[in-house]
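Working through the structure, step by step
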Amino acid sequence: MQITVRYFAALREERGCDEEALDVSEGTDVAALYQQIFSDSPLAALRVMFAVNQDYVGASHDLADGDEVAFIPPLGGG
Amino acid sequence: MIAITETAIDRAAVEASVARPEAGAILTFSGATRDNFGGRQVTGLSYEAYQPMAVAVMTEIAAEAAAQWPGARVAIVHRIGALTIGEVSVIISVSTPHRADCYAASRFAIDALKERVPIWKKEHYADGEGAWKENQPT
């Protein structure tokens, strides 16, 4: 199934893009997707939050076709 | 008024958006960029946001404040893009019937923003390096 992934801040710089379309297998959760993408990166251990279709979700949230996934690195607003 | 903007925030407009005849208290909080972090000289900052989600979360925070402090009205405007030192990055205006609730709701709104709104800040240092900064619990 096809999803869109959004990257911000340090993750955007590490990945070299702010958005990409990816094919993922059924039953993939957001935390597993993060590890697939960043396993070889120093950011693999970063404490990220997850959002799907612009709502925060837990690490074990399963992805669905057409989802927009965002990895939310530590926040700095204010 | 809930917004993300790439230009200087109009403080008077944010404050005016919460003013109303039954509100006896109005507080406006401004967050500004600091010139140092841990002794390092900061020369500028850049902010970025996950735009539609950031606005949605700020809207939720305003609604939560209104539910917790009856009559509270909350406006939040955050700036993104490149900022120089001393510029205002965020303005939160709160109005309530009485002042105690106004202080409490204002504090709640900025704390919740730092915890939940998807906005990021990179500090740029005099030596040319930069670092993404993580909000600390207050």
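Keep in mind that this is a model prediction, so the values were computed, not measured.

1. Things to note about the overall build of chain A
Scanning chain A for helices and strands turns up two helices and five strands. The C-alpha atoms of chain A give 12 Å as radius of gyration, which agrees with the globular expectation for 78 residues (12 Å, within 12%). Buried residues in chain A amount to 28% of all 78 residues. Put simply, 51% of the contacts in chain A that link residues at least 6 apart link residues at least 24 apart.

2. Concerning the overall build of chain B
Broken down by element type, chain B carries three helices and nine strands. Listing the helices and strands of chain B from first to last along the sequence gives β-α-β-β-β-α-β-β-β-α-β-β. What you see for chain B is a C-alpha radius of gyration of 15 Å, in line with the 14 Å of a compact globule of 138 residues. By its C-alpha atoms, chain B is 50 × 25 × 25 Å across when sized along the principal axes.

3. Observations concerning the pairing of strand β3 (residues 49-52) of chain A
Residues and elements named next belong to chain A. For β3 and strand β5 (residues 68-72), the ladder comprises four bridges, and the chain directions are antiparallel. Bridging from a neighbouring strand, M49 pairs with I72 of β5. Pairing geometry for β3 and strand β4 (residues 55-57), over three bridges, is antiparallel. Opposite A51, over in β4, you have Y56 as the bridge partner. Between β3 and β4, which pair antiparallel and follow one another directly, the connecting turn spans two residues, one of which, N53, has a positive phi of 50 degrees.

4. Some remarks on the sheet that holds β5 of chain A
Residues and elements named next belong to chain A. The five strands lie next to each other as β2-β1-β5-β3-β4, forming an open sheet whose pairing is mixed. Whereas interior strands pair on both sides, the edge strands pair on one side only; in this sheet they are β2 (19-23) and β4. Neighbouring strand axes in the sheet, compared pairwise and without regard to direction, differ in orientation by 35 degrees on average. When strand β1 (residues 2-6) meets β5, the two strands line up parallel, connected through three bridges. In the strand pairing of β5, R6 is matched with A70. Lying over the sheet, helix α2 (residues 30-38) contacts β3, β4 and β5, oriented at roughly 70 degrees with respect to β5.

5. Topic: the confidence of the model for chain B
Low-confidence regions, as indicated by low pLDDT, have predicted coordinates that should not be scrutinised in detail. With 99% of its residues at a pLDDT of 70 or more, chain B shows a mean pLDDT of 95. Taken together, the chains of this predicted complex give a pTM of 0.95 and an interface ipTM of 0.95.

6. Regarding the interface of chain A and chain B
At the interface, 14 residues of chain A touch 21 residues of chain B. Elements supplying a minimum of two residues to the side of chain A that touches chain B: α1 (9-15) and β5 of chain A. For the side of chain A that touches chain B, the residue count by class is nine nonpolar, four polar and one charged.

7. Quick look at the sheet that holds strand β7 (residues 88-96) of chain B
All names here are of chain B. Across the sheet, four strands lie side by side as β1-β5-β7-β2; this open sheet has mixed pairing. Every interior strand has two partners, whereas the edge strands, β1 (2-5) and β2 (25-32), have only one. Sheet twist, expressed as the average angle between the axes of neighbouring strands with direction ignored, equals 10 degrees. In terms of strand pairing, β1 meets strand β5 (residues 73-79) through four bridges, oriented parallel. By the bridge assignment, I2 is partnered in β5 with I76. Across the sheet, helix α3 (residues 99-116) lies against β2, β5 and β7, angled at about 145 degrees from β7, the strand it touches most.

Conventions we followed
- Residues numbered from 1 in each chain as written.
- Chains lettered and ligands numbered in written order.
- Predicted model: local features only at pLDDT ≥ 70, side-chain atom pairs only at ≥ 80, totals over all residues.
- Helix = DSSP H or I, 4+ residues; strand = E, 2+ residues; numbered from the N terminus.
- Rg over C-alpha atoms; globule rule 2.2 N^0.38 Å.
- Buried ≥ 20, exposed ≤ 12 C-beta atoms within 10 Å, placed from the backbone.
- Contact = placed C-beta atoms within 7 Å.
- Pairing = 2+ DSSP bridges.
- Axes fitted to C-alpha atoms, helices over the stretch in contact; angles between N-to-C directions.
- pLDDT = per-residue confidence, 0-100.
- Nonpolar A, V, L, I, M, F, W, Y, C, P; charged D, E, K, R; others polar.

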